[in-house]
Amino acid sequence: MYLKTGTILVFLCICSLSAVAQPLAAYVDIQNQVMVWDKGIVRKIDYLPPNSMKVGRTAIPFIDNSNSFKIYYNGGVKTLNQGFTNIYDVSDNLVSFLNAKALYVFDRGTSKLLTGTCNLYMTGDSVILYLDGIHNDYRVYYNGQPNVIESFIPDSVLPSVKTGDNLVAYNNFANQFHIFFHGGIIQQEEYPVSGFDVGRNIVAYVDANRQFKIFHSGLTFMVENYPPIVYYGGDNLVAYVSAEGYFKIFYNDSVRNVGFFNPQQIQVGDNVVAYRDQNGYLKVFYKGEITELETYYPSNMTVQYNSVAYINAANTLRLFTEGEVYDVTNADLQSWELHYDVLKYQIGQNMFRVFYKGSEY
């Protein structure tokens, strides 16, 4: 049963574009050119291999061969600076980057300065938590605006803080547990919590009374009287093993008892939970359904967004995505990577392929 409803100021946020935007893929070909796959089209975005590159859902930031910081976004490349960027991160919707100690965000095609001095920051899909060294406070960038969440800063950092896809959960300096969600602060608990994990719209935590609770989209559920053995947050779900040894998944505001066993191996990737069952089989939970994929648990597997990718015992690259299973290729592969739901793989020296939603490009 739910315990309380949080007071939330809800915005119609265009950051929800991540739910419909088709993800990207990138690679460096045999001619050392940087290629991007975007909506089924392969584009050349640079002529030399980058010093570093990261792939987000809507943007691909990279430091090119001459140390210029560039971002591929919406079909084109923007040069943000030449030789100043030293650290950068990318998520579904945002690119955060540091020039010396100045923190910037690239959001929907526009670069903004967040603070001239930053020693700590964390990036989520639509939020950035950062310590503003100019104003000496903690702020969260969300929906185009900075929001102050802690204005009194002692000599230490926040006792504990985690950034989810679209929220921030933290024990504050007054020993209270707060959640920043949809532009507002929810005073979730009057006392600090002993442990917590986060995802999209969700925070799982053990309260001061050692009860296991789950905050989901403004509602709080007391799901267990005792702390679980392990627990992991995802997108609108939590996978955990109860104190009694039952493997359970919280989804659609209710708890599903999967069975009396501790999976030992659990991987939560946004909307997917991949786990090893009591027989050693690989099974996947996706949107309320459980699918058995293998009668063993693969040693090399990637779990992201709606997908699970791995090489099976028959040396076939297999992809589970959005409830469907595909045997992509049984060729000898040089490499393969899963970014969101896009599977990129390389055959030989110069044959790159992209597999997405049942189609190969």
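Residues numbered from 1 in each chain as written. Predicted model: local features only at pLDDT ≥ 70, side-chain atom pairs only at ≥ 80, totals over all residues. Heavy atoms only, no water.

With respect to the overall build of the protein chain
Here is the rule we go by: Think of it this way: any DSSP run of H or I at least four residues long counts as a helix, any run of E at least two long counts as a strand, and we number them from the N terminus. Note on method: radius of gyration uses C-alpha positions; expected globular size equals 2.2 Å times residues raised to 0.38. Per-residue accessibility, obtained with a 1.4 Å probe over protein chains only, is compared with the maximum for each type, and a residue is labelled buried under 20%, exposed over 50%, and partly exposed between these values. In what follows, residue pairs with any heavy atoms lying within 4.5 Å of each other are defined as contacts. Throughout, the Shrake-Rupley method with a 1.4 Å probe supplies accessible areas, and for residues the shown protein chains are the sole cover considered. The charged-residue count follows a simple rule in which Lys and Arg add positive charge and Asp and Glu add negative charge, with His and chain termini not counted at all. For charged residues, the charge sits on one atom: NZ in Lys, CZ in Arg, CG in Asp, CD in Glu.
Secondary structure assignment for the protein chain yields 0 helices and 40 strands. Taken over the C-alpha trace, the protein chain has a radius of gyration of 21 Å; the compact-globule value for 361 residues is 21 Å, and the two agree within 12%. The principal-axis extents of the C-alpha atoms in the protein chain amount to approximately 60 × 55 × 35 Å. By residue count, 53% of the 361 residues in the protein chain fall in the buried class. Taking the intrachain contacts of the protein chain between residues at least 6 apart in sequence as the baseline, contacts between residues at least 24 apart amount to 38%. Looking at the protein chain as shown, the accessible area adds up to about 16100 Å², and 46% of this sits on carbon and sulfur atoms. Placing the 25 positive and 33 negative side-chain charges of the protein chain at their respective mean positions leaves the two points 4 Å apart.

Things to note about the sheet that holds strand β28 (residues 254–259)
Selection rule: One bridge is not enough; two strands pair if DSSP finds at least two bridges between them. Between N-to-C directions, angles cover 0 to 180 degrees, with each direction set by a line fitted to C-alpha atoms, over the stretch in contact for helices.
Strand order in the open sheet formed by 4 strands is β25-β26-β27-β28, with antiparallel pairing between adjacent strands. Looking at strand neighbours, the two that pair on one side only are β25 (230–233) and β28, the edges of this open sheet. Each strand axis lies, on average, 20° off the axis of its neighbour in the sheet, ignoring direction. Judged from the 4 bridges that link them, β25 and strand β26 (residues 237–241) form a sheet pairing that is antiparallel. Pairing of G233 across the sheet is with V238, part of β26.

Comments concerning the packing of aromatic side chains
Just so we agree on the cut-off: The aromatic pairing rule takes the rings of Phe, Tyr and Trp, using the six-membered ring of Trp, and pairs them if the centres are within 6.5 Å, calling planes under 30 degrees apart stacked, those over 60 edge-to-face and the rest tilted.
Counted according to the given criterion, the structure contains 23 aromatic pairs. Plain terms: the ring middles of Y138 and F173 are 6.4 Å apart, the flat faces sit at 45° to each other, and that makes the pair tilted. Linking Y138 in strand β15 (residues 137–142) with F173 in the loop between β18 (167–171) and β19 (177–181), this pair joins segments that are 35 residues apart in sequence. Judged by its relative accessible area of 22%, F173 is partly exposed. Their ring planes at 75° and their centres at 5.4 Å tell us that Y305 and Y340 sit as a pair that is edge-to-face. Highlighted residues: Y305 in the loop between β33 (301–304) and β34 (307–311) and Y340 in the loop between β37 (333–339) and β38 (342–347), separated in sequence by 35 residues. The pair formed by Y305 and Y340 is uniform in burial state, with each residue classed as buried. Ring pairing ties together the aromatic residues F69, Y88, F97 and Y104, which thus form one cluster.

Quick word on the nonpolar core
Quick reminder of the rule: Note on terminology: a nonpolar core comprises buried Ala, Val, Leu, Ile, Met, Phe, Trp, Tyr and Cys residues joined through side-chain atoms within 4.5 Å.
Grouped together as the largest cluster of nonpolar side chains are 13 residues, with contacts concentrated most on L129, Y138, V140, I149 and V168. Those elements that place two or more of their residues in this core are β14 (127–132), β15 and β18. Contact partners of I149, with chain neighbours within four places excluded, come to L129, Y138, R139, V140, Y170, F180 and I185.

Description of the pattern of salt bridges
It is possible for side chains bearing opposite charge to pair when their charged atoms get close. For clarity, the threshold we go by: When a carboxyl oxygen of Asp or Glu lies within 4 Å of a side-chain nitrogen of Lys or Arg, that pair is called a salt bridge.
Under the defined criterion, the tally for this structure stands at 20 salt bridges. Ionic pairing is found between D137 and R139, a salt bridge with its closest N-O pair at 2.9 Å. Between E337 and K344 there is a salt bridge, and its shortest N-O distance comes to 3.4 Å.

Observations concerning the confidence of the model for the protein chain
Any segment with low pLDDT has predicted coordinates that should not be analysed in fine detail. Put simply, the test is: How sure the predictor is of each residue is captured by pLDDT, a score from 0 to 100.
In the predicted model, the protein chain carries a mean pLDDT of 92, and the fraction of residues at 70 or more is 94%. Predicted confidence is poor over residues 1–19, with pLDDT under 50, and the contacts of this stretch with residues over four places away or in other chains come to 42 contacts.

So, the sheet that holds strand β9 (residues 85–90)
The antiparallel open sheet is built from 4 strands, whose spatial order is β9-β10-β11-β12. With partners counted over all chains shown, the strands left at the sheet margins are β9 and β12 (110–115), one partner each. Neighbouring strand axes in the sheet, compared pairwise and without regard to direction, differ in orientation by 25° on average. Of the pairings in the sheet, the one linking strand β11 (residues 102–107) to β12 comprises 5 bridges and is antiparallel in character. Following the sheet pairing, Y104 is matched in β12 by L113.

Looking at the pairing of strand β36 (residues 324–329)
Strand direction decides the pairing type here: strand β35 (residues 317–321) and β36, joined by 5 bridges, are antiparallel. Residue L317 lies in a different strand from β36, and its bridge partner there is T329.

A look at the environment of V77
Within the secondary structure layout, V77 lies in strand β8 (residues 76–82). Each C-alpha atom of the pair V77 and V241 lies 46 Å from the other, and the pair is 164 residues apart in sequence.

As for the pairing of strand β2 (residues 25–28)
As paired elements, β2 and strand β3 (residues 34–38) share 4 bridges and run antiparallel to each other. Note that in β3 the partner of A26 across the bridge is V36.

Comments concerning the environment of N300
Tracing the chain through its elements places N300 in the loop between β32 (289–294) and β33. The exposure class of N300 is partly exposed, given its relative accessible area of 45%. Along the sequence, N300 and A243 sit 57 residues apart, while their C-alpha atoms lie 29 Å from each other. When sequence neighbours within four positions are dropped, the list of residues in contact with N300 reads A309, Y310, I311 and W336.

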